[in-house]
Amino acid sequence: MIDFAISPDPGRSVLLNKLGSPPSISFLIINWNHAAFVGSTIDSVKKQNYPAFNCVVVDNASKDGSQKVIEQSVGGDPRFSVLLLDKNLNQMGALLHVLHRLKGELVAIIDSDDFIFPEYALSHAQVHLSIPGGVGFTSSCALEVATDGQLLTGKFAAFGGQQFQFARGISEFASDARLAGIAEEKYRRLLQNTMIVPVEYKGWAWSAGSANVYRRDVLELARPYWESPVYVAAIDNYYAPFANALSSSALIDVPLSAYRLHESNRFASSASIAGLRTATRAGKDRSRTRRKDIIDTMCRGAHVFARLLGQRFWEVMDTSAYADGQTLRECYESEQVQGILVKHYRHLSGVLGSNALEAALRDRVSQRVFRMLQERIASNIELSN
Amino acid sequence: MFGGELANSRRDGLPDTLPSQNVLVTSPVLLVDSVALDALSGGALKPPLVSFILINWNYGRFVGDAIDSIRAQDYSNFECLIVDNGSTDGSREVYARHVQDDPRFSIECLPENIGQLGAAIWALGRTSGNFVTFVDADDILFPGFASAHLQVHFALPRSVALTSSNVIEFGEAGRVATGGYLYFSRINVGQSKIRGLRSADTTVRFSAITEEVFEKLSRTTAVVDQSEGGWLWSPGSSNMFRRSILKLASFDGHEQGLMRTADGHFNPLCHALGGSALIDLPLSAYRQHGQNYYSVGETVPGVRQGTAAYLAKAEGDYRQTVELLLDRTESFSWLLSDRFWPTVDRLTRVPSSELKKYYSKPATQQVFARHISKLHRQFGDAAVIDHIRERFRVGPAWRIFKNGLTGGISFSFWRLFWATELNRFLSRQKSRRKRRRD
């Protein structure tokens with residue numbers, strides 16, 4: 001039985017007990033041709049010492065017999081449900097396809113070749129509860145391992161930003177909400193090794209993939225618009241910087257999962273090392289392109305985001321530039337972003353007011369590009385009339 | 001025999017080595033957040049395998065000590081490949097006697113000496129550990145060598161290409177001579193901005209490393225960023241590399257022989273790629289016996305450090321490392337991004353004041369001419385002209401393009417090259433006139 005436990009202040013803990021159950025976590029395992037690993041991934045979810053979870057396993061039309069492995073590993077476990085797709089929707093496509101089926105307040109998307117440790121859910125849920133006001137997501141330290149499971153590094157290179165530039169420890173301001181089942185010593189260590197990444201942060205400080213636990217409402221709020229069910233994009237590439245800009249995040253500097261690396265080609269080093277690129281050229285280009293979908297989402301949902309964010313509207317939009325180390329000009333003058341702006345100009349202008357919109361754009365593009373943009377918008381409006 | 005000597009010297013108040021009484025632990029236990037890795041993962045995760053590559057050429061009288069010291073490691077998850085590099089001194093009789101029936105060892109005998117670097121790359125293809133140490137046959141590792149290096153690799157605030165520990169130097173009779181290696185960069189340990197290890201209770205822990213030893217390692221370890229140059233490391237045996245980085249830094253076609261030391265090539269290049277961590281604790285012993293061919297390679301035993309022949313040999317060796325970078329321009333320019341050209345300059349191992357002279361040498365120009373097509377393809381007309389002209393004078397630069405570019409020089413390239421030259425000339429004139437006016 002898991003519950004909110006006694007906090008230092010007995011009066012308040014009684015109240016917390018009356019509030020009912022702890023947050024539930026929905027795991028989402030998205031598998032594509034990882035028959036060799038998905039079994040141990042599923043097992044690692046089953047071994048969580050946090051009972052308030054459910055798990056959806058999606059198979060993206062694997063061709064290596066994964067489906068059978070998944071059925072076998074899940075067995076009859078009522079906490080699991082399996083969805084076998086007959087078409088590969090890719091990672092982001094699969095998430096958007098099942099997002100409405102995930103019922104947990106928290107969502108962890110686990111790569112089907114990764115591995116989480118038994119304390120994973122409990123630790124993440126505790127940190128989500130401990131931070132007053134909440135965070136968009138929590139990201140824990142992940143060990144990098146080789147294909148055969150051999151340990152390679154103690155953490156993903158970018159985790160923690162520039163040598164853990166954030167203040168360590170949240171004990172001073174942590175809420176009293178505390179989950180049972182977490183030993184005193186571990187609880188203390190957890191709070192001591194957690195850091196808050198502020199919304200203004202302009203880099204990448206998180207582990208990849210399976211180490212991140214999002215709030216479901218943030219995933220829904222920031223949900224990208226995409227016409228086709230197939231959506232070739234990495235979930236964290238889009239969601240992590242966006243969710244952080246919206247509502248900050250927390251880093252848990254305790255190893256809670258393992259991230260599996262596969263034999264890479266000559267253009268990428270395998271274990272991540274600061275100053276040495278790990279992605280391939282094509283991969284980097286794609287991630288940069290797909291990250292611009294943040295701008296598309298904010299333009300389409302401008303009426304919602306402007307109300308929620310007020311003055312911070314543009315600051316959040318600029319995330320898509322900073323996360324790729326681009327200047328605002330490089331980002332907003334790119335053909336992709338110009339196209340998005342032309343398409344949604346009328347809506348944006350309606351929500352933000354045309355003067356404010358023009359001023360914001362003049363700050364972000366050169367005079368010449370601004371004039372070109374105006375011309376394109378004019379002809380676009382003529383066309384639609 | 002050596003152990004006794006060292007114990008004596010320690011009593012004499014010489015620097016402390018890593019204590020390790022319990023030789024041979026049966027299986028390596030790793031702890032994550034105080035839980036054994038096995039229990040945590042049900043066998044899905046495994047401790048890292050270390051590859052020791054022991055290269056011997058005619059050190060039959062020492063190699064037994066080296067083998068014993070590897071067998072005595074307190075981290076048991078290793079493999080050791082003994083490569084006999086064409087020895088003629090009866091070394092081959094020694095190996096089996098010391099290996100006995102230890103299944104972690106294998107022995108390969110090469111018919112002739114293909115150089116230390118040649119043998120090192122040859123052996124990399126025949127081993128599989130993700131962490132690699134090349135052991136010189138005349139050196140000795142202390143029992144805690146592997147566990148300490150691994151602990152540092154896993155607990156550093158940032159991952160690095162290689163870790164390098166200090167050494168105790170000792171003489172032929174086994175007597176300790178000094179407590180540290182002269183060229184091991186203590187200064188860098190002191191000045192580094194990234195010192196120490198991550199908190200002991202939240203990192204992967206190797207069970208052979210006690211709290212006390214962890215603290216000691218943390219006090220004596222520092223990361224040196226890839227932007228720092230110079231020779232930072234102890235010699236040969238005191239380094240532990242990540243295999244992924246060694247792979248990036250390896251030559252093809254090494255079977256024909258690379259008559260140079262492994263550390264002379266791998267240390268500067270791997271460091272330029274991923275940075276180093278220095279551990280200012282002696283974790284191995286470096287034998288001085290009047291015949292150390294280090295930095296020269298076994299082939300030229302007559303060449304002594306400081307002589308002209310030695311310098312010429314060293315420069316040629318390092319030019320080979322530079323050529324590797326140029327040969328794989330596409331890959332390295334991507335990996336290193338805007339650090340590519342500074343890395344080329346760095347790997348010449350020539351001080352920056354001497355670079356002009358280095359690039360004026362015909363041998364250097366030949367190397368660049370051989371790979372100019374790749375550089376051109378990667379950087380495009382304007383950038384490649386700038387980078388080459390930054391290093392070579394106009395005549396040699398033009399010849400590099402003329403002789404090297406496959407398909408010859410196009411008209412537009414010709415025009416751009418000489419237009420750039422004209423611009424350079426004019427701006428030089430202008431600044432000269434300005435100086436005169438002032």
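In case you missed it, the structure is sitting above this.
Below or above, wherever it landed, is the structure these notes cover. This is a predicted model, so every value here is computed, not measured.

### Describing the overall build of chain B
A count of helices and strands for chain B gives 17 helices and 14 strands. Accessible surface for chain B amounts to roughly 18,200 Å². Of this, 52% is attributable to carbon and sulfur atoms.

### Quick look at the interface of chain B and chain A
Counting residues at the interface gives 46 residues for chain B and 42 residues for chain A. Buried surface at the junction of chain B and chain A, summed over both partners, amounts to about 3,900 Å²; 56% is from carbon and sulfur atoms. Put simply, chain B and chain A have 2 salt bridges between them. Residue Asp 253 of chain A is joined to Arg 198 of chain B by a salt bridge in which the shortest nitrogen-to-oxygen separation is 2.2 Å. Our count for the chain B to chain A interface comes out at 12 residue pairs in polar contact (both at pLDDT 80 or more). Contributing elements (two or more residues each) for the side of chain B that touches chain A: strand E1 (30-32), helix H2 (37-41), helix H9 (243-248), helix H10 (262-274) and helix H12 (329-336) of chain B. Of the residues belonging to the side of chain B that touches chain A, the class tally is 23 nonpolar, 12 polar and 11 charged.

### Things to note about the pattern of salt bridges
For the structure shown, the criterion picks out 34 salt bridges over all chains. Residue Arg 328 of chain B pairs with Asp 252 of chain B through a salt bridge whose shortest N-O separation is 3.7 Å. Here Arg 328 of chain B, found in the loop between helix H11 (308-327) and H12, pairs with Asp 252 of chain B, found in the loop between H9 and H10; they are 76 residues apart in sequence, far enough to count as distant. Here Arg 370 of chain B makes a salt bridge to Glu 323 of chain B, at a shortest N to O gap of 2.8 Å. Of this pair, Arg 370 of chain B sits in helix H15 (residues 362-391) while Glu 323 of chain B sits in helix H11, and the two are 47 residues apart along the sequence. Three or more residues joined by partner-sharing salt bridges are found here, namely Glu 185, Arg 188 and Arg 189 of chain A together with Asp 201 of chain B.

### Comments concerning the environment of Ile 388 of chain B
Residues and elements named next belong to chain B. Note on placement: Ile 388 falls in helix H15. Separated by 29 residues in sequence, Ile 388 and Tyr 359 place their C-alpha atoms 9.8 Å apart. For Ile 388, the residues in contact, after removing those within four places along its chain, are Phe 368, Ile 372, Ala 397 and Phe 401.

### Side note on the nonpolar core
Within the largest apolar cluster, 72 residues are counted, with the highest numbers of intra-cluster contacts made by Leu 28, Met 92, Leu 95, Tyr 239, Phe 242, Phe 313 and Tyr 332 of chain A. Sorting elements by how many residues they give to this core places helix H8 (residues 235-247) of chain A first, with 8 residues. What Phe 242 of chain A contacts, discounting residues up to four positions off in sequence, is Ala 222, Ile 294, Thr 297, Met 298, Phe 305, Val 316 and Thr 319 of chain A. Judged by nonpolar contacts, the second largest core, of 67 residues, contains Ala 249, Leu 326, Ala 369 and Ile 388 of chain B.

### Examining the sheet that holds E1 of chain B
Across a sheet, strands are paired by hydrogen bonds formed along the backbone, either parallel or antiparallel in direction. Residues and elements named next belong to chain B. Overall, antiparallel pairing links the 3 strands, which are arranged E2-E1-E11 in an open sheet. Looking at strand neighbours, the two that pair on one side only are strand E2 (35-36) and strand E11 (205-206), the edges of this open sheet. Taken together, the 2 bridges between E1 and E2 define a ladder with antiparallel strand orientation. Its bridge partner lying in E2, Leu 31 is registered against Ala 36.

### What about the environment of Gly 310 of chain A?
Inspection of the secondary structure assignment puts Gly 310 of chain A in the loop between helix H11 (302-309) and helix H12 (313-317). Each C-alpha atom, one on Gly 310 of chain A and one on Asn 244 of chain A, is 16 Å from the other, the two residues being 66 residues apart in sequence.

### A short note on the pairing of strand E4 (residues 106-111) of chain A
Residue and element names in this part refer to chain A. In terms of residue burial, E4 counts as a mostly covered element, since 6 of its 6 residues are buried. Burial of the side chains of E4 extends over both faces: Leu 106, Ala 108 and Ile 110 are buried on one face and Val 107, Ile 109 and Asp 111 on the other. Of the pairings in the sheet, the one linking E4 to strand E9 (residues 212-215) comprises 3 bridges and is antiparallel in character. Each residue of the ladder has a partner; that of Ala 108, found in E9, is Val 213.

### As for unusual backbone geometry
Phi is positive for Asn 58 of chain B, which is not a glycine, with a value near 60 degrees. Counting through the fold element by element, Asn 58 of chain B comes out in the loop between strand E3 (50-56) and helix H3 (60-71).

What counts and what doesn't
- Sequence positions are assigned chain by chain, starting from 1 and proceeding in written order.
- Each chain gets a letter, beginning with A, and each ligand a number, beginning with 1, in the order they are written.
- Selection of residues for local features in this predicted model requires a pLDDT of at least 70, selection of side-chain atom pairs for listing and counting requires 80 or more, and totals for whole chains, interfaces and linings are taken over all residues.
- Hydrogens and waters are ignored; side-chain quantities use all the structure's heavy atoms.
- Put simply, DSSP marks the helices as runs of H or I at least four residues long and the strands as runs of E at least two long, and each gets a number from the N terminus on.
- Only the protein chains shown count as cover for residues, with accessible areas throughout obtained via the Shrake-Rupley method and a probe of 1.4 Å.
- Any two residues having at least one pair of non-hydrogen atoms within 4.5 Å are treated as being in contact.
- By buried area we mean the combined loss of accessible area, with a 1.4 Å probe, across both parts when two parts are placed together.
- Basic side-chain nitrogens of Lys or Arg form a salt bridge, by our definition, when they fall within 4 Å of a carboxyl oxygen of Asp or Glu.
- We call two N or O atoms a polar contact when they sit within 3.5 Å, provided that within protein one can donate a hydrogen and the other can accept it, with sequence-adjacent residues counted only if both atoms are side-chain atoms.
- The classification used treats Ala, Val, Leu, Ile, Met, Phe, Trp, Tyr, Cys and Pro as nonpolar, Asp, Glu, Lys and Arg as charged, and all other residues, Gly among them, as polar.
- As used in this record, nonpolar core signifies buried Ala, Val, Leu, Ile, Met, Phe, Trp, Tyr and Cys residues forming a set joined through side-chain atoms within 4.5 Å.
- Burial classification: accessible surface area is computed with a 1.4 Å probe over protein chains only, and a residue below 20% of its type maximum counts as buried, one above 50% as exposed, and the rest as partly exposed.
- Two strands form a pair only when DSSP identifies at least two bridges running between them.

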